[in-house]
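Chains, contacts and geometry: an overview
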Amino acid sequence: MNIVNARLRGREGLFHIALDGSRIAAISAQPAAVIAPEGDLDAASNLVVPPFVEPHIHLDATLTAGEPAWNMSGTLFEGIERWAERKALVTHEDTKTRARKTIDMLVDHGIQHVRTHVDVTDPSLAALKAMVEVREETRHLIDLQIVAFPQEGIESYANGRALMEQAVALGADVVGGIPHFENTRDQGVSSIKFLMDLAERTGCLVDVHCDETDDPQSRFLEVLAEEARVRGMGERVTASHTVAMGSYDNAYCSKLFRLLKMSKINFVSCPTESIHLQGRFDSYPKRRGLTRVAEIDRAGMNICFGQDSIVDPWYPLGNGNILRILEAGLHICHMLGYSDLQRSLDLITDNSARTLHLGERYGLEVGRPANLLILSAPDDYEMIRTQGYALVSLRNGEVLMRRTPASVQRG
Ligand code: 17E
Ligand code: FE2
């Protein structure tokens, strides 16, 4: 199968993409639009891009909002309390069923690479064991990375360190953390040292929920970045949320940015989640409660957007559509300038792939897997403006999803 009449990001003209089974065989410029031969896919002068990436989601908690109670305050901390109640009811099958349903939603929106945080502050590790099976059972749909995520703390939860080690032994790909939730600042710092040691020892990647609070005193990002810098692990390390940075003063932040750049760590922002959960202790003026997305990007560091939640104790909405997150994030982060709009898809494709360390498994290049999307618009700007969609998702050269857009009749 081949794709004709494709536009590629950042390049003029139309392209023909030849597939050789499950690989991309050739990408060549077309002198003009052509009529698609039988069996080929016609991109109709719209963008063809590598699959969307979901770099941050909690598939173990998905589709549990209101069970047994709703988060009425809208704070992160009530979310953690409500989840502790639901977690007590978690079973292997319950986790697998909800995760599978959510993965189908992600696939319907063109996502083929997913990093999920899975709560390991549970002596049975039931959700983690279930997700290890889901990772195998959904290989035809997505590449799934599992983060051992200590929702109730590493140092502050009984046997927290041992549970993290067990989770890695059971097959977690990534080591997580939650330093701002540990009982004391010292425990936050020691949790980071512990998790970085664990990752270094086992070859895991690192993705820490870091400073997810409006408290400007929450300064664990500097600890994580320095650990990454000293160990030379920065490209394998991600700081998720870092929303306290939205409350740091500029003098501290300017010093911090020097370290962040040297450390080479990656950042994930979840703009819909943070605009909902943060600012909850403010009256007016009310903080946006997001990290400095545009500033991190403009400083040449790597940042991407994630959904975080779909219908769980932290966030009641969500449908798998990462383009919705991108649109909201661009608004919330003051990134509707023309140059930001024209490269906005970076925030859900290439930047996210770099965060997940996908390397040569990702990208529209000859020899790489034939994983790609046909979109509904010719460039990034028009994708956002028209609230466009992934129309076709190909994985290993096979159609995973095809969308027929709604049509409108006037008069
Ligand atoms: N847990 C957490 O600590 N923070 C979040 N944003 C979610 C779960 C969704
Ligand atoms: Fe999260």
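If you check an unreviewed UniProt entry, the protein appears there as Cytosine deaminase from Phytopseudomonas seleniipraecipitans.

Pairing between the strands of a sheet is mediated by backbone hydrogen bonds and can be parallel or antiparallel. The 7 strands are arranged β3-β2-β1-β4-β13-β14-β15 in an open sheet whose pairing can be described as mixed. Where the open sheet ends on each side, the last strands, each with one partner, are β3 (23-30) and β15 (398-402). Averaged over neighbouring strand pairs, the angle between their axes works out to 35° when direction is ignored. Taken together, the 4 bridges between strand β13 (residues 372-375) and strand β14 (residues 390-395) define a ladder with antiparallel strand orientation. Paired with L375 across the two strands is A390, which belongs to β14.

Moving on: the site of ligand 1. All residues adjacent to ligand 1 are H58, L76, F149, Q151, I178, H209, E212, H241, E273, D308, S309 and W314. In this structure, a nitrogen atom belonging to ligand 1 sits 2.7 Å away from a side-chain N or O atom of Q151. Take E273: an N or O atom from its side chain is 3.5 Å from a nitrogen atom of ligand 1. In isolation ligand 1 has 260 Å² of accessible area, and contact with the protein removes 100% of it. More than half of the atoms of ligand 1 fall within 2 Å of the grid points belonging to the largest cavity. Grouping the constituent residues of the shell around ligand 1 by class yields 4 nonpolar, 5 polar and 3 charged.

Between its first and last C-alpha atoms helix α5 (residues 185-202) spans 26 Å; for 18 residues at 1.5 Å apiece the expected length is 26 Å, and the two agree. Listed in full, the buried residues belonging to α5 are G188, V189, S191, I192, F194, L195, M196, L198 and A199. Looking at the packing, one finds that the buried side of α5 touches α4 (160-169), β8 (174-175), β9 (205-210), α6 (220-231) and β10 (237-241).

Attention shifts here to the packing of α6 against helix α7 (residues 250-263). Running from N to C, α6 and α7 cross one another at 30°; their axes reach a closest spacing of 8 Å. Here α7 runs roughly parallel to α6, going by the angle between their axes. Of the two elements, α6 crosses α7, and the hand of that crossing is left-handed. Listed contacts from α7 to L221, E222, A225, E226 and R229 of α6 are Y252, L256, L259, L260, M262 and S263. Along the lines of polarity and charge, the residues of the contact of α6 with α7 split into 7 nonpolar, 1 polar and 3 charged.

Reading the values: rules and limits
- Residues numbered from 1 in each chain as written.
- Chains lettered and ligands numbered in written order.
- Predicted model: local features only at pLDDT ≥ 70, side-chain atom pairs only at ≥ 80, totals over all residues.
- Heavy atoms only, no water.
- Pairing = 2+ DSSP bridges.
- Helix = DSSP H or I, 4+ residues; strand = E, 2+ residues; numbered from the N terminus.
- Axes fitted to C-alpha atoms, helices over the stretch in contact; angles between N-to-C directions.
- Near = heavy atom within 4 Å.
- Polar contact = N/O pair within 3.5 Å; in protein donor to acceptor, adjacent residues only side chain to side chain.
- Areas by Shrake-Rupley, 256 points an atom, 1.4 Å probe, with all protein chains shown as cover.
- 1 Å grid on protein atoms, 1.4 Å probe; cavity = no way out; pocket = protein on both sides within 12 Å on 5 of 7 lines; lining within 4 Å.
- Sits in = over half its atoms within 2 Å of the grid points.
- Nonpolar A, V, L, I, M, F, W, Y, C, P; charged D, E, K, R; others polar.
- Expected span 1.5 Å × (residues − 1).
- Buried < 20%, exposed > 50% of the residue type's maximum accessible area, 1.4 Å probe, protein only.
- Contact = heavy atoms within 4.5 Å.
- Parallel < 35°, antiparallel > 145°, perpendicular 65-115°, else oblique.
- Left-handed = near helix turned anticlockwise from the far one by under 90°.

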